[in-house]
Amino acid sequence: MEFRRIGDVEVSAIGLGGMPMSIEGRPDEERSVRTIHAALDAGVNLIDTADAYHLYANDVGHNETLIARALASYGGDTSGVVVATKGGHLRPGDGSWTLDGSPEYLKEACEASLKRLGVEAIGLYQFHRPDPRTPYEDSVGAIRDLLDAGKIRMAGISNANPQQIRLSQEILGGRLVSVQNQFSPAYRFSEPELELCDELGIAFLPWSPLGGIAQAGDLGSRFAPFAEVAAAHGVSPQRVCLAWMLAKSPVVIPIPGASRPASIQDSVAAVDLELTPEELTLLSR
Ligand SMILES: NC(=O)c1ccc[n+]([C@@H]2O[C@H](COP(=O)([O-])OP(=O)(O)OC[C@H]3O[C@@H](n4cnc5c(N)ncnc54)[C@H](OP(=O)(O)O)[C@@H]3O)[C@@H](O)[C@H]2O)c1
């Protein structure tokens, strides 16, 4: 496994995204636990989740609870595993995603996540998405308060633009360690945020790196260069995609989702796939 840094913590260069195990189309718990254990076996020590990764109004935090159970039942040492969760998004149970970025709500949500994860402090807590009804500085101010209170070990933001990244860094007194934005062959608009993170030395976690749950399987048919490079190396287009991201900057730490052991095993192998400068140019077009 190759390691990268979030703050002063070393994490696997590929993390596991937990969302497919808890939202629409989720598998049974047994398969999910096998998937999380397969990730740990492969050397993954970063698992991304959120309190909003659930389906029904009455199963808030499904994914956090699942991860806590999988860590508890794992045979090996899990003390170095960073569980990165988020607050600020809600799912009322009708399939929609709503927002609450108020400081009061974020502090309550963090307490609930702490309980579900069964920890004294959350490894990495990320403000999930700006809420237009709450001034951004108030939301990030709540994250700063959680950090100061020792409820969270590290602070991150998600779905942020360059201005919000700089503002968060200021509000957090230089303690912003990660930015999680959408980034994939299908969605390349986060290049400016990626470049800013590279400049500031902040981890950049591409979300839906393979194009999202519904489209990840078709990556090769939708993006011919990825299929072409994959064929040349005898690997999957998904693995090529993750290797391409890793090559962009040492701050990049993709978090591909998985609900099957084989998916995360294939994704993790991206750390060993070296692409030539010509291939990287082709993929970046
Ligand atoms: N911050 C945010 O607003 C936000 C938004 C969306 C997602 N996220 C985070 O980002 C993570 C990743 O995004 P995502 O899950 O939406 O999409 P994704 O990572 O682009 O795609 C996930 C799907 O890819 C498949 N897959 C994974 N590795 C593969 C491989 N090597 N070969 C073929 N298929 C593979 C998986 O299939 P199987 O299910 O069959 O294993 C999985 O369902 C999420 O899990 C979540 O933690 C954050």
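This write-up is about the structure you can find in this document. (Residues numbered from 1 in each chain as written. Predicted model: local features only at pLDDT ≥ 70, side-chain atom pairs only at ≥ 80, totals over all residues. Heavy atoms only, no water.)

Overview of a negative patch on the surface
No. 1: Together, E104, E108, E137 and D138 line one region of the surface with negative charge.
No. 2: Mapped onto the elements, E104 comes out in helix α3 (residues 103-117).
No. 3: What makes E104 exposed here is its relative accessible area of 53%. (Patch = residues over 30% accessible without salt bridge, like charges linked within 9 Å, V, L, I, M, F, W, Y side chains within 5 Å. Areas by Shrake-Rupley, 256 points an atom, 1.4 Å probe, with all protein chains shown as cover. Salt bridge = Lys/Arg side-chain N within 4 Å of Asp/Glu carboxyl O. Lys, Arg positive; Asp, Glu negative; His and termini not counted. Charge placed at Lys NZ, Arg CZ, Asp CG, Glu CD. Helix = DSSP H or I, 4+ residues; strand = E, 2+ residues; numbered from the N terminus. Buried < 20%, exposed > 50% of the residue type's maximum accessible area, 1.4 Å probe, protein only.)

Brief notes about α3
No. 1: Over its 15 residues, α3 extends 21 Å from the first C-alpha to the last, a length consistent with the 21 Å expected when each residue adds 1.5 Å.
No. 2: Contacts made by the buried residues of α3 are with α2 (62-72), β5 (82-87), β6 (89-90), β8 (124-127) and α4 (136-148).
No. 3: Looking one or two places after α3, you find G118, whose phi comes out positive at around 65°. (Expected span 1.5 Å × (residues − 1). Contact = heavy atoms within 4.5 Å.)

Thoughts on the nonpolar core
No. 1: Grouped together as the largest cluster of nonpolar side chains are 73 residues, with contacts concentrated most on L16, I36, I152, I165 and V240.
No. 2: Sort the elements by how many residues they give to this core and helix α9 (residues 237-248) lands first, with seven residues.
No. 3: If we skip the residues at most four places from it in the chain, L16 touches M21, I36, A39, V44, L46, I47, D48, P256, A258 and I264. (Core = buried A, V, L, I, M, F, W, Y, C linked by side-chain atoms within 4.5 Å.)

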